[in-house]
4 protein chains.
Amino acid sequence: SKYEYVRHFETVDKVLPNTWLVVRIDGRGFHRFSQTHEFQKPNDRRALELMNQCAIEVMKDIKDIILAYGQSDEFSFVLPKSCNLYSRRASKIASTVASLFAANYVMHWGKYFGDHKLQYAPCFDSRVVCYPSDQNLRDYLSWRQADCHINNLYNTTFWAIVHSGKTEIESEEILRGTFSKDKHEILFTNHNINYNKLEDIYKKGSTIIRKKTLVTSISPNTGKPVERTKLVPCALYDDIIGQEFWDTYPELLKER
Amino acid sequence: SKYEYVRHFETVDKVLPNTWLVVRIDGRGFHRFSQTHEFQKPNDRRALELMNQCAIEVMKDIKDIILAYGQSDEFSFVLPKSCNLYSRRASKIASTVASLFAANYVMHWGKYFGDHKLQYAPCFDSRVVCYPSDQNLRDYLSWRQADCHINNLYNTTFWAIVHSGKTEIESEEILRGTFSKDKHEILFTNHNINYNKLEDIYKKGSTIIRKKTLVTSISPNTGKPVERTKLVPCALYDDIIGQEFWDTYPELLKER
Amino acid sequence: SKYEYVRHFETVDKVLPNTWLVVRIDGRGFHRFSQTHEFQKPNDRRALELMNQCAIEVMKDIKDIILAYGQSDEFSFVLPKSCNLYSRRASKIASTVASLFAANYVMHWGKYFGDHKLQYAPCFDSRVVCYPSDQNLRDYLSWRQADCHINNLYNTTFWAIVHSGKTEIESEEILRGTFSKDKHEILFTNHNINYNKLEDIYKKGSTIIRKKTLVTSISPNTGKPVERTKLVPCALYDDIIGQEFWDTYPELLKER
Amino acid sequence: SKYEYVRHFETVDKVLPNTWLVVRIDGRGFHRFSQTHEFQKPNDRRALELMNQCAIEVMKDIKDIILAYGQSDEFSFVLPKSCNLYSRRASKIASTVASLFAANYVMHWGKYFGDHKLQYAPCFDSRVVCYPSDQNLRDYLSWRQADCHINNLYNTTFWAIVHSGKTEIESEEILRGTFSKDKHEILFTNHNINYNKLEDIYKKGSTIIRKKTLVTSISPNTGKPVERTKLVPCALYDDIIGQEFWDTYPELLKER
Ligand SMILES: Nc1nc2c(ncn2[C@H]2C[C@H](O)[C@@H](COP(=O)(O)OP(=O)(O)OP(=O)(O)O)O2)c(=O)[nH]1
Ligand SMILES: Nc1nc2c(ncn2[C@H]2C[C@H](O)[C@@H](COP(=O)(O)OP(=O)(O)OP(=O)(O)O)O2)c(=O)[nH]1
Ligand SMILES: Nc1nc2c(ncn2[C@H]2C[C@H](O)[C@@H](COP(=O)(O)OP(=O)(O)OP(=O)(O)O)O2)c(=O)[nH]1
Ligand SMILES: Nc1nc2c(ncn2[C@H]2C[C@H](O)[C@@H](COP(=O)(O)OP(=O)(O)OP(=O)(O)O)O2)c(=O)[nH]1
Ligand SMILES: O=P(O)(O)OP(=O)(O)OP(=O)(O)O
Ligand SMILES: O=P(O)(O)OP(=O)(O)OP(=O)(O)O
Ligand SMILES: O=P(O)(O)OP(=O)(O)OP(=O)(O)O
Ligand SMILES: O=P(O)(O)OP(=O)(O)OP(=O)(O)O
Ligand SMILES: [Mg+2]
Ligand SMILES: [Mg+2]
Ligand SMILES: [Mg+2]
Ligand SMILES: [Mg+2]
Ligand SMILES: [Mg+2]
Ligand SMILES: [Mg+2]
Ligand SMILES: [Mg+2]
Ligand SMILES: [Mg+2]
Ligand SMILES: [Mg+2]
Ligand SMILES: [Mg+2]
Ligand SMILES: [Mg+2]
Ligand SMILES: [Mg+2]
């Protein structure tokens, strides 16, 4: 039709080839969302596991993703340098990941929150970032995991102080200017919490990778159970800053 | 942390100021989705009304949107030239609209599809397009409504022929090379359908605008009902190509 | 060849259709360039006229340009909303304007600077900016002309004080915190200069538009002189902030 | 001023960090330019040496450039992954290289073309392309050198046939569908030219790298000549597709 010229106003937004792609989604206004839905403080196990489930669903759907890392209300999805999903169109990639994640969040809410009703639709922003080198990619993931650690140590200490009877304002003041070491000390001495003994999912965040798994299915021909290995997305709570993780899963950084 | 440098790999994707913004979302793989969920052919009223509800929910949340136009598995949201949502960052705008829409799709599924279970998460791609002039914006909307008309006329005729006993391949052949007029003719003569009498929601798609509406709420002070006018998103099934619509709602194109 | 894949690493950089395009070039390091070549202070007539000549040469070559505005070491070239030069590829447009300008600067140097030798190659950066509305375009040009005025008033006063015997540091101190009115006053009272009487090329900058001009050429058939009108780029030193200029040349903003 | 808002219409065009940058300039309309200035066919030594001189001048000015490769009317300039020139703003980088090159072309014209007058200003387009890996960068340069070879073999054979008395149309027909081997054969058998013995500058193009060179200058203190080594841009006519070149100059690809 004579209106089709408007098509040409769309911008071509292909991202540079031969670079790692990271899609990071982050909950919009989850400060309020976590309050409305009475998330436990500092960490709500149900909320984190729901996030992980959503990331796993996204990975089941979008096969290009090789790894995902999540913490708090965010998840980062890693696509390999050779990835040609949607011809590397940034808006297509960013929006499908975000909308898949959000739809799954609603679908699986009940499994984690039971009768606790979902009050309003969750929303996630999304962006695509290119990282040229393996080191850049690892530094990106280290950045997110370091962020997880810093926030979690702060939040854990903050809520321990609050739960011991201080107001939120007093707790903030107590923590102002403290270093990591000081927070460990406060937790241990005043609240009898050994931070290092807390669960890794809180301290390290969640890393989803595809693991070779033995799955049993019923053969459509014989009607009998058949075993085969399949790559299944699984959550780990490992340190991904150090070298060990990358030595354990060398195929992650391999050319493909 | 020493990893923060990776922040600088993010690209600034602000869209040009003083242009109309259109966010168009489109269902990913809805050919399959509509089959899996047994959408009625050519149009499934439930599916369209669910789409409209989602668009209304998006508009309730994102106040900048002044109009939305939807048909089939797509919806276009119009933001005014002066809009500064997320400082006009394209990926933020596109991804939040898509994820809000998708989450609402799941939340409201049951209201329209009842026991008919949602089999898997719906997904929508999303893009932001700038239109400098009012004419460009109107031509964009005309493009989408003309597309609705063309597809709907084709689909209506196609399925009428199929329902009369032909195979899908035969129907396709019958329609090859036909013009609009021919399809009207086939519908009327062979299938006793006056296309013009079909419901407007199918022929014109759905246009959501904010209408001044009288709403009654209970005063928190007096406990008595209070009436006030409020802008409430409502669906219309009007022609938006012609001048009349824009004369009826002159504030839509006004500077703000 | 097997190397051709590298082509796909080039980004598509088309600018939005139906917007005014401004290409602004600016001399790189002209602080040093003007010192090396002993430009007169505050304004070197030869330098400004050379700039104008270069802009005129650019306009003779690139027919899409409808107006150019220059001051100091910069020039802005205006392309109409309908312009499709290089399919609106930003890097093509920006680089050809800059390199044409620079090459002409060298070619025409001698005409303005005579024996005064060009010491090293001049260099200009270049950028393309989109302006959606006529008002935006006019505001852009007003911005540059206001900038010209502010700088010229400052520089004129500064060098008047210096020429009266103060050091540059003393002059700077005298001018610190002064308003426009104060500078006029200083110029008039202390240096006997009526700023308003200075030449417009300094106060207003230079605006190049295409004017219908009677040109005489020798007919290749008859060998006799023939007269015809032609659009020839000419420099004006007008106020382009006010309405008058745009009323005088109404075709500038007309749709084309 | 109240007009400054127009500043925000400029787009941020920083290119991805940690990637090789290539700035390629190419003469605009050099088909005509080479005719007007009677370039020798298939290769004009003066034109090529002028191009090389311009590239050398650009490298003397822009210290970030580590290598340049040129052939025909084009030159590619390589900037290292760590380069932060103009904060990696693409339009700044592209336009300054193009305008510097063009200005130098005019400045040095006389040295190569003597009395042969420059008829009009040369113009070069310019673009910046990112290459993430060393292999991508080498493939880019191989692409340009392979292009040089293919064109030069064609042009050499074409003009040999023309000079032997055929029309240009006949020559084109003779060459249609021929392979590299055939052209070598035609040159050798019919025109007594051993292609491999032609000068490397034509067959390989020109590669400019910075070589440690002993330079003698007069000490400003003692007035006596002093020797020191300096990195000076020099033209080579080497094969840059094979490994040997990169082994000979290992510092080119080193991290810096
Ligand atoms: N109580 C609780 N809150 C959580 C948990 N996970 C995330 N949150 C909350 C804490 C933060 O307020 C918020 C995440 O911070 P953000 O920086 O993403 O801010 P927010 O989402 O509010 O704003 P945004 O739209 O992302 O700019 O989510 C949890 O497990 N428990
Ligand atoms: N039966 C039925 N199908 C519908 C209805 N609305 C949309 N659809 C289906 C018909 C089309 O196959 C599909 C929309 O076409 P698209 O061009 O968006 O294709 P699709 O979503 O499959 O692929 P995409 O991921 O958008 O490229 O959705 C409906 O009301 N009834
Ligand atoms: N003496 C004199 N200097 C002039 C004249 N026109 C321009 N200039 C000088 C004054 C400024 O130092 C310089 C223009 O200022 P810019 O802000 O463009 O700075 P510059 O070109 O040095 O740096 P840039 O590379 O543009 O960031 O050119 C003139 O007519 N006479
Ligand atoms: N006779 C002769 N011509 C040359 C020489 N070097 C380059 N040229 C000419 C041959 C080609 O027509 C032209 C380069 O081809 P391009 O593909 O760059 O085309 P052109 O510059 O005409 O158009 P463009 O503006 O780049 O699209 O320059 C030379 O040494 N001798
Ligand atoms: O959202 P924040 O504050 O965690 O930080 P960010 O995500 O880097 O900021 P933005 O969402 O504005 O890009
Ligand atoms: O998806 P289509 O085929 O309706 O057309 P499009 O949306 O314009 O194409 P794309 O989704 O690839 O931008
Ligand atoms: O160069 P300036 O300082 O006059 O200001 P600008 O041109 O807006 O800055 P930049 O050249 O860095 O875009
Ligand atoms: O200019 P060409 O034809 O050699 O090829 P190109 O430079 O890749 O094309 P363009 O200049 O249009 O980008
Ligand atoms: Mg954020
Ligand atoms: Mg958040
Ligand atoms: Mg967050
Ligand atoms: Mg599509
Ligand atoms: Mg679809
Ligand atoms: Mg569709
Ligand atoms: Mg500048
Ligand atoms: Mg300057
Ligand atoms: Mg300047
Ligand atoms: Mg080209
Ligand atoms: Mg060329
Ligand atoms: Mg060329």
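Residues numbered from 1 in each chain as written. Chains lettered and ligands numbered in written order. Predicted model: local features only at pLDDT ≥ 70, side-chain atom pairs only at ≥ 80, totals over all residues. Heavy atoms only, no water.

## Some remarks on the pairing of strand β4 (residues 124–131) of chain B
Residue and element names in this part refer to chain B.
And then number 1: Of all eight residues in β4, eight are buried, a share of seventy percent or more.
And then number 2: In β4, alternate side chains face the same way, and those of Phe 124, Ser 126, Val 128 and Cys 130 on one face and Asp 125, Arg 127, Val 129 and Tyr 131 on the other are all buried.
And then number 3: In this structure, strand β1 (residues 20–27) lies alongside β4, joined through eight bridges in antiparallel fashion. Bridge assignment links Val 22 to a residue of β4, and that residue is Val 129. (Buried < 20%, exposed > 50% of the residue type's maximum accessible area, 1.4 Å probe, protein only. Helix = DSSP H or I, 4+ residues; strand = E, 2+ residues; numbered from the N terminus. Pairing = 2+ DSSP bridges.)

## Examining the site of ligand 8
And then number 1: Neighbouring residues of ligand 8: Arg 7, Arg 89 and Lys 92 of chain C together with Arg 127 of chain D.
And then number 2: Of the chains in the model, those with residues near ligand 8 are chains C and D.
And then number 3: Between ligand 8 and the protein, one listed contact pairs an oxygen atom with a side-chain N or O atom of Arg 89 of chain C at 2.7 Å.
And then number 4: One of the side-chain nitrogen or oxygen atoms of Lys 92 of chain C is found 2.5 Å away from an oxygen atom of ligand 8. (Near = heavy atom within 4 Å. Polar contact = N/O pair within 3.5 Å; in protein donor to acceptor, adjacent residues only side chain to side chain.)

## Brief notes about the environment of Ser 72 of chain B
All names here are of chain B.
And then number 1: Within the secondary structure, Ser 72 sits in the loop between β2 (67–71) and β3 (74–79).
And then number 2: The spacing of Ser 72 and Asn 151 is 79 residues in sequence and 9.2 Å in space, taken between C-alpha atoms.
And then number 3: The residues contacting Ser 72, other than those within four sequence positions of it, are Leu 48 and Met 51.
And then number 4: Within the local environment of Ser 72, its side chain forms a polar contact with the side chain of Asp 73, the two groups lying 3.5 Å apart. (Contact = heavy atoms within 4.5 Å.)

## With respect to the packing of helix α4 (residues 134–163) of chain D against helix α6 (residues 180–191) of chain D
Working note: a packed helix pair is described by the angle between its axes plus the distance between those axes.
All names here are of chain D.
And then number 1: Running from amino to carboxyl end, α4 crosses α6 at an angle of 35 degrees, the nearest separation of the two axes being 10 Å. In terms of crossing hand, the pair formed by α4 and α6 is left-handed. Contact residues: His 149, Leu 153, Tyr 154, Thr 156, Thr 157, Ala 160 and Ile 161 in α4; Ser 180, Lys 183, His 184, Ile 186, Leu 187 and His 191 in α6.
And then number 2: When its residues are assigned to classes, the contact of α4 with α6 shows six nonpolar, six polar and one charged. (Axes fitted to C-alpha atoms, helices over the stretch in contact; angles between N-to-C directions. Left-handed = near helix turned anticlockwise from the far one by under 90°. Nonpolar A, V, L, I, M, F, W, Y, C, P; charged D, E, K, R; others polar.)

## Regarding the pattern of salt bridges
And then number 1: Under the counting rule described, the total for this entry stands at 64 salt bridges over all chains.
And then number 2: Among the charged side chains, a salt-bridge network with shared partners connects Arg 7, Glu 10 and Lys 92 of chain A together with Arg 24, Asp 125 and Arg 127 of chain B. (Salt bridge = Lys/Arg side-chain N within 4 Å of Asp/Glu carboxyl O.)

## Notes on the site of ligand 1
All names here are of chain A.
And then number 1: Surrounding ligand 1, one finds 15 residues, the nearest of these being Asp 26, Gly 29, Phe 30, Asp 44 and Asp 73.
And then number 2: With respect to ligand 1, the backbone of Gly 27 contributes an N or O atom lying 2.9 Å from an oxygen atom.
And then number 3: Within the backbone of Asp 44, an N or O atom sits 2.8 Å from an oxygen atom of ligand 1.
And then number 4: Against a free-state accessible area of 620 Å², the protein chains account for coverage of 65% of ligand 1.
And then number 5: Residue assignment for the shell around ligand 1 shows that the elements contributing at least two residues are β1 (20–27) and α1 (30–36).
And then number 6: Tallied by class, the residues present in the shell around ligand 1 amount to three nonpolar, seven polar and five charged. (Areas by Shrake-Rupley, 256 points an atom, 1.4 Å probe, with all protein chains shown as cover.)

## As for the relation of the copies chain A and chain B
And then number 1: The two copies are related by a screw motion: chain A maps onto chain B through a turn of 180 degrees and a shift of 0.1 Å along the axis, at an RMSD of 0.1 Å. The transformation just described matches what one would write down for a two-fold rotation axis.
And then number 2: Of the interface residues in chain A, 100% have counterparts in chain B that sit at the interface too, so the contact is made through matching surfaces. (Least-squares fit on C-alpha atoms with pLDDT ≥ 70 in both.)

## A short note on the relation of the copies chain C and chain B
And then number 1: Each copy superposes on the other: chain C lies on chain B with an RMSD of 0.1 Å after a rotation of 180 degrees and an axial shift of 0.0 Å.
And then number 2: When you check the interface residues of chain C against chain B, 100% turn up at the interface there too, and the contact is symmetric in its surfaces.

## Digging into the interface of chain A and chain B
And then number 1: Between chain A and chain B, the residue contacts involve 47 residues of the former and 47 residues of the latter.
And then number 2: Both faces considered, chain A and chain B share a buried interface measuring about 3,900 Å² in area, 63% of it formed by carbon and sulfur atoms.
And then number 3: Counting every contact that joins chain A to chain B gives eight salt bridges.
And then number 4: One salt bridge in this structure joins Asp 125 of chain A and Lys 92 of chain B, with 2.7 Å as the shortest N-O distance.
And then number 5: Scanning the region where chain A abuts chain B turns up 20 residue pairs in polar contact (both at pLDDT 80 or more).
And then number 6: Those elements giving two or more residues to the side of chain A that touches chain B turn out to be α3 (90–113), β4 (124–131) and α4 (134–163) of chain A.
And then number 7: Element by element, the count of residues in the side of chain A that touches chain B is highest for α3 of chain A, at twelve residues.
And then number 8: Grouping the constituent residues of the side of chain A that touches chain B by class yields 26 nonpolar, ten polar and eleven charged. (Buried area = accessible area lost by both parts, 1.4 Å probe.)

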